[in-house]
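# What the coordinates show
Chain residues, written in single-letter form:
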Amino acid sequence: MKKEKTIDTRLIDRAIRYATEAHEGVNRKGSTLPYILHPLEAMTIVGTMTSDQELMAAALLHDVVEDAGVTIEDISREFGPRVAELVEAETDIEVPGMSHVESWQQRKQATIDRLATASRDTQMVALGDKLSNMRAMARNQREQGDRLWQRFNEKDPARHAWYYRHLAKSLAPLSDTDAYREFCVLVDQVFPEFN
């Protein structure tokens, strides 16, 4: 009988623990679901596109700098420079002199532009995050209708449609993946009137 090859998941195991601790006690915006479910889902989505453990770890950790007070240096020290670079690429950059709400358009445009020229690895981590977000939006839209938009800093669904449709263009190099195709279907489903 042939023995199956064992996959070394120590990096992912450490990233799961790290992200779980960093997001402890936090719920997903507008829900009672633990926040950690989002990075776990992002990691799973990335795992459908690659077996690269560092990409999956980056997907798990993609929000810890932006949301949990962890630094890129902390990530580099714990998980190495490649994981840190991937997390940094997925971290929203604040616009000096503007509030988070006021800078929404600039931050989203910067993400669209950055992803359009990013490496495939960076795009995969981003797609894990964005597809997880679109799944949640589609689910919440079915349950709440237009009330969904009230939970966001940006309340105009047309602006969200602009963002996600442009993300789809930026992430088009991943069109050979099921994750990308699902993302596009959900964008069309959530934003049918904003073509």
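Anything mentioned here points back to the structure above.
Residues numbered from 1 in each chain as written. Predicted model: local features only at pLDDT ≥ 70, side-chain atom pairs only at ≥ 80, totals over all residues. Heavy atoms only, no water.

### Examining the overall build of the chain
- Of the regular secondary structure elements, the chain holds 10 helices and 0 strands.
- Written out in order from the N terminus, the α and β elements of the chain read α-α-α-α-α-α-α-α-α-α.
- Relative to its length of 195 residues, the chain is compact, with a C-alpha radius of gyration of 17 Å against a globular reference of 16 Å.
- Residues classed as buried in the chain amount to 47% of the 195 residues present.
- In the chain, once contacts between residues fewer than 6 apart in sequence are set aside, the share between residues at least 24 apart is 67%.
- With 25 positive and 32 negative side-chain charges, the chain shows a spacing of 4 Å between the two charge centroids. (Helix = DSSP H or I, 4+ residues; strand = E, 2+ residues; numbered from the N terminus. Rg over C-alpha atoms; globule rule 2.2 N^0.38 Å. Buried < 20%, exposed > 50% of the residue type's maximum accessible area, 1.4 Å probe, protein only. Contact = heavy atoms within 4.5 Å. Lys, Arg positive; Asp, Glu negative; His and termini not counted. Charge placed at Lys NZ, Arg CZ, Asp CG, Glu CD.)

### Observations concerning the environment of His-160
- Relative to the helices and strands, His-160 is located in helix H9 (residues 157-170).
- In the structure, His-160 is positioned 22 residues away from Ala-138 in sequence and 13 Å away in space, judged by C-alpha atoms.
- Here His-160 is in contact with Trp-104, Trp-149, Phe-152, Glu-154 and Phe-191, once residues within four sequence places are set aside.

### Some thoughts on the packing of helix H2 (residues 37-47) against helix H8 (residues 120-144)
- Taken N-terminus to C-terminus, the directions of H2 and H8 make an angle of 125 degrees; their axes are 8 Å apart at the nearest point. On the basis of their axis angle, the class for H2 and H8 is oblique. Handedness of the crossing formed by H2 with H8: right-handed. Taking contact as the criterion, the partners of His-38, Glu-41, Ala-42, Ile-45 and Val-46 in H2 are, on H8, Met-124, Val-125, Leu-127, Gly-128, Asp-129, Leu-131, Ser-132, Asn-133 and Arg-135.
- Class assignment of the residues belonging to the contact of H2 with H8 gives a composition of 7 nonpolar, 4 polar and 3 charged. (Axes fitted to C-alpha atoms, helices over the stretch in contact; angles between N-to-C directions. Parallel < 35°, antiparallel > 145°, perpendicular 65-115°, else oblique. Left-handed = near helix turned anticlockwise from the far one by under 90°. Nonpolar A, V, L, I, M, F, W, Y, C, P; charged D, E, K, R; others polar.)

### Topic: the nonpolar core
- Leu-61, Ile-75, Leu-127, Met-134, Tyr-164, Phe-183 and Phe-191 are the most contacted members of the largest nonpolar core, which totals 56 residues.
- The element contributing the most residues to this core is H8, with 8 residues.
- Discounting chain neighbours no more than four positions away, the residues touching Phe-183 are Leu-127, Lys-130, Leu-131, Met-134, Tyr-164, Leu-167 and Ala-168. (Core = buried A, V, L, I, M, F, W, Y, C linked by side-chain atoms within 4.5 Å.)

### Some details on the environment of Arg-142
- Residue placement: Arg-142 occurs in helix H8.
- Here Arg-142 falls in the exposed class, since its relative accessible area comes to 60%.
- Sequence separation between Arg-142 and Asp-67 is 75 residues; the distance between their C-alpha atoms is 27 Å.

### Looking at the packing of H8 against helix H10 (residues 178-190)
- Relative to each other, H8 and H10 sit at 35 degrees, their axes nearing to 9 Å. The crossing of H8 and H10 is left-handed. Contact residues: H8 offers Leu-127, Lys-130, Leu-131, Met-134, Arg-135, Met-137, Ala-138, Gln-141 and Arg-142, while H10 offers Ala-179, Tyr-180, Glu-182, Phe-183, Leu-186, Val-187, Gln-189 and Val-190.
- Taken together, the residues of the contact of H8 with H10 sort by class into 11 nonpolar, 2 polar and 4 charged.

### Details of the pattern of salt bridges
- For the structure on display, the rule yields 15 salt bridges.
- With its nearest N and O atoms 2.7 Å apart, the salt bridge here joins Arg-82 to Asp-121. With Arg-82 in helix H6 (residues 81-89) and Asp-121 in helix H8, the pair connects residues that are 39 residues apart, well separated along the chain.
- Residue class for Arg-82 comes out partly exposed when judged on its relative accessible area of 28%.
- In this structure Asp-121 comes out as partly exposed when scored by relative accessible area, which is 26%.
- Notably, a salt bridge pairs Asp-92 with Lys-108, separated by 3.9 Å at the nearest N-O pair. On the criterion of sequence distance, the pair formed by Asp-92 in the loop between H6 and helix H7 (104-116) and Lys-108 in helix H7 is long-range, its members being 16 residues apart. (Salt bridge = Lys/Arg side-chain N within 4 Å of Asp/Glu carboxyl O.)

### Here we look at the packing of aromatic side chains
- Here the structure, examined in full by the defined rule, presents 8 aromatic pairs.
- When the centroid spacing of 5.9 Å and the interplanar angle of 35 degrees are considered together, the rings of Trp-149 and Phe-152 count as tilted. For the residue pair Trp-149 and Phe-152, the accessibility class agrees, reading buried in each case.
- Among the aromatic residues, those joined into a ring-pair cluster are Trp-104, Trp-149, Phe-152, Trp-162, Tyr-163, Tyr-164, Phe-183 and Phe-191. (Phe/Tyr/Trp six-rings, centres within 6.5 Å; stacked < 30°, edge-to-face > 60°.)

Function-wise, these values are silent; they only describe arrangement.
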